[in-house]
Amino acid sequence: MKFFSTRDHSRIVTASQAIAQGLSDEGGLFVPESFPQVDVEALCQLDYPELAAAVVSEYLTDYSKDFLAEAARTTYGEAFGGKAGHLAPVEGDTYALELWHGPTCAFKDYALQLMPKLLVEAKKNLSRTEKTLILVATSGDTGKAALDGYHDIPGVEIAVFYPTGGTSEIQRLQMATQEGANVAVYAVRGNFDDAQTGVKKVFGDKAIAARLAERNIRLSSANSINWGRLVPQIVYYFAAYAQLLKAGKIAFGDKVDFCVPTGNFGDILAGYYAKQMGLPVGKLVCASNQNNVLTDFLSTGTYTAKREFYKTTSPSMDILVSSNLERLLYHVTGSDAEVAGLMKSLNETGRYTVRPETLKAIQESFDCGWSSEEQVAGEIRARYEKDGYLCDTHTAVAFHVAAQKKRDGVPMVVLSTASPFKFPRSVLEALGHTAPENDFEAMQALEEATGRTAPASLAVLRQKAERFSTVIDPAQIAEVALSCQA
């Protein structure tokens, strides 16, 4: 399987090159040359590690199957507590795909626990010995998941950038207390888009790349702009379908809808790839918070990033530039020149409009909706009081939209992307309690109010020393990159 850039079809690379490099030289994203067709029924008989190895190997064809099988087995075992891809019934034929049972309590663990192994193997496949410098912009969960996956990996350094004041306190502490000799964390003045733009500028700066190359250092990414981040996320769509099949809730071939809380468009795009591979996916429902740029685009065909930015209780979705949408635009239009033009327009004017036929093709697979802050809080309370189901703010966004988009007789799977204990104050307040100012006191109060136990990896943060407190401007991200030691 070869990969090429969304903006320049002539830039063709292997899977190993796509994962090691992250972003194409001219700023495009790597996409596979085709969608492999799989035996879905056979895949549904596999356990999660076997399923992961089978799906991932369809794309990473220059990796040995033995390596991928072992990497999946060691990734999705003990660290996920036996709950990798766990599907929980909520109400009727609505389900929650709980993706937060990994080490950092967020869905990013599915990719970022496997991805370091893929990167190390990619360098072996390419006979490369340079140091890899990974730069990560995060709106909250990616940062900790990347730090946890890459800490103390030989030949790798990682620097994470998050918007100051733009994450929950628990998310911030997860990053600020990270252990490891090869990690660094910076708060960036501005919002997530400012941090992401700063990182992308570094990737697109040939002078920085040349100066790093002189010291035998190459840049890479752990954001979902990297194909290695996206491909492991395809797996849990198959896992959800398999569990419905085994439980007798569907017959093989029945369609299933998925509702995904979405900021950067990577998690829902993985569902699109699963559908293209043959999984009987009905609608992929894109659920936005008050920063509803994707809802507007999927409804009108016009993407407008220059708009009011809201800090919400679902901070991982506080994003106005959804990077992975570029991949979908390529798959639907089939034109690198068209995508390059749209991205140029976005960069220069903050907006673009797709052709009517492009929007129609997208709407065949995707639906959309958004939730206000009041609706998010109401959904947390409703799910808990009516169904006994405790969810976080991001999942609540999706539950609210899923209820609007639910089709009779078609199961709806909501992707539950983070533990409610990552956002204890917001969840506690939604349940009608007064939340303590301190997140750890709020975590304890949430335990007492619900009888649920906070994940140990979150509770232990209270005892850990903060290692990182530097605040920088977005323009200083380049300085951070150039300070990396070979």
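Residues numbered from 1 in each chain as written. Predicted model: local features only at pLDDT ≥ 70, side-chain atom pairs only at ≥ 80, totals over all residues. Heavy atoms only, no water.

Chemist: Where do I start with the sheet that holds strand 6 (residues 131–137) in this structure?
Modeler: Each strand in a sheet pairs with its neighbour through backbone hydrogen bonds, running either in the same direction (parallel) or in the opposite one (antiparallel). Judged by pairing direction, the sheet is parallel, and its 5 strands sit side by side in the order 9-6-7-8-16 without closing on themselves. Here the strands that pair on one side only, and so sit at the sheet edges, are strand 9 (217–221) and strand 16 (471–472). Sheet contacts for helix 6 (residues 115–125): strand 6, strand 7 (156–163) and strand 9; angle to strand 6, the most-contacted strand, approximately 145 degrees. (Pairing = 2+ DSSP bridges. Helix = DSSP H or I, 4+ residues; strand = E, 2+ residues; numbered from the N terminus. Contact = heavy atoms within 4.5 Å. Axes fitted to C-alpha atoms, helices over the stretch in contact; angles between N-to-C directions.)

Chemist: I keep staring at the packing of aromatic side chains and nothing clicks. Help me out?
Modeler: Aromatic ring pairs are described here by two measures, namely the spacing of the ring centres and the angle between the planes. In total, this model carries 25 aromatic pairs according to the counting rule given. Centroid distance phenylalanine 80 to tyrosine 110: 4.8 Å. Interplanar angle 50 degrees. Geometry classified as tilted. Of this pair, phenylalanine 80 sits in the loop between helix 4 (65–75) and strand 4 (86–91) while tyrosine 110 sits in helix 5 (residues 109–112); the two residues are 30 residues apart in sequence, bridging distant segments of the chain. Considered together, phenylalanine 80 and tyrosine 110 belong to a single accessibility category, that of buried residues. Relative to phenylalanine 366, the ring of phenylalanine 265 has its centre 5.6 Å away and its plane inclined at 35 degrees; by these criteria the two rings are tilted. In this pair, phenylalanine 265 sits in the loop between strand 10 (256–261) and helix 13 (266–276) while phenylalanine 366 sits in strand 14 (residues 366–370), placing the two residues 101 residues apart along the sequence. In terms of burial, phenylalanine 265 and phenylalanine 366 fall into one category: buried. A connected cluster of aromatic rings, assembled from ring pairs, spans Phe3, Phe35, Tyr59, Trp227, Phe265, Tyr272, Tyr273 and Phe366. (Phe/Tyr/Trp six-rings, centres within 6.5 Å; stacked < 30°, edge-to-face > 60°. Buried < 20%, exposed > 50% of the residue type's maximum accessible area, 1.4 Å probe, protein only.)

Chemist: Is there a simple way to explain helix 10 (residues 206–214) in this structure?
Modeler: In an α-helix, one turn spans 3.6 residues; hence positions three or four apart end up facing the same way. Among the residues of helix 10, the N-terminal cap falls to aspartate 205, whose side-chain oxygen and the backbone nitrogen of alanine 207 are separated by 2.9 Å. With its phi angle positive at about 60 degrees, asparagine 216 sits one or two positions after the end of helix 10. (Polar contact = N/O pair within 3.5 Å; in protein donor to acceptor, adjacent residues only side chain to side chain.)

Chemist: In this structure, what is going on with the pairing of strand 1 (residues 2–5)? I would like to understand it.
Modeler: Regular strands place side chains that alternate from one sheet face to the opposite one. With 3 bridges connecting them, strand 1 and strand 2 (residues 12–14) associate as antiparallel partners. Residue pairing in the sheet places phenylalanine 3 in a bridge with valine 13 of strand 2. Counting the residues that bridge the hairpin from strand 1 to strand 2 gives 6 residues. Relative to strand 3 (residues 30–32), strand 1 runs antiparallel, the two sharing 3 bridges. Pairing of serine 5 across the sheet is with phenylalanine 30, part of strand 3.

Chemist: What exactly am I supposed to notice about the UniProt feature "modified residue: N6-(pyridoxal phosphate)lysine" (unreviewed entry) in the chain here?
Modeler: Following the UniProt record, the feature "modified residue: N6-(pyridoxal phosphate)lysine" (unreviewed entry) maps to Lys108 here. Looking at the element boundaries, lysine 108 is found in the loop between strand 5 (94–98) and helix 5. Overall, lysine 108 belongs to the buried group, its relative accessible area being 9%. (UniProt positions renumbered as here; feature names shortened; annotations may be inferred.)

Chemist: Even after reading the chapter, I still don't get helix 18 (residues 373–387), so can you show me in this structure?
Modeler: Between its first and last C-alpha, helix 18 extends 21 Å over 15 residues, near the 21 Å set by a 1.5 Å rise per residue. Among all positions in helix 18, only Val376, Glu379, Ile380, Ala382 and Arg383 are buried. Contacts from the buried residues of helix 18 go to strand 4, helix 19 (393–405) and helix 20 (424–430). (Expected span 1.5 Å × (residues − 1).)

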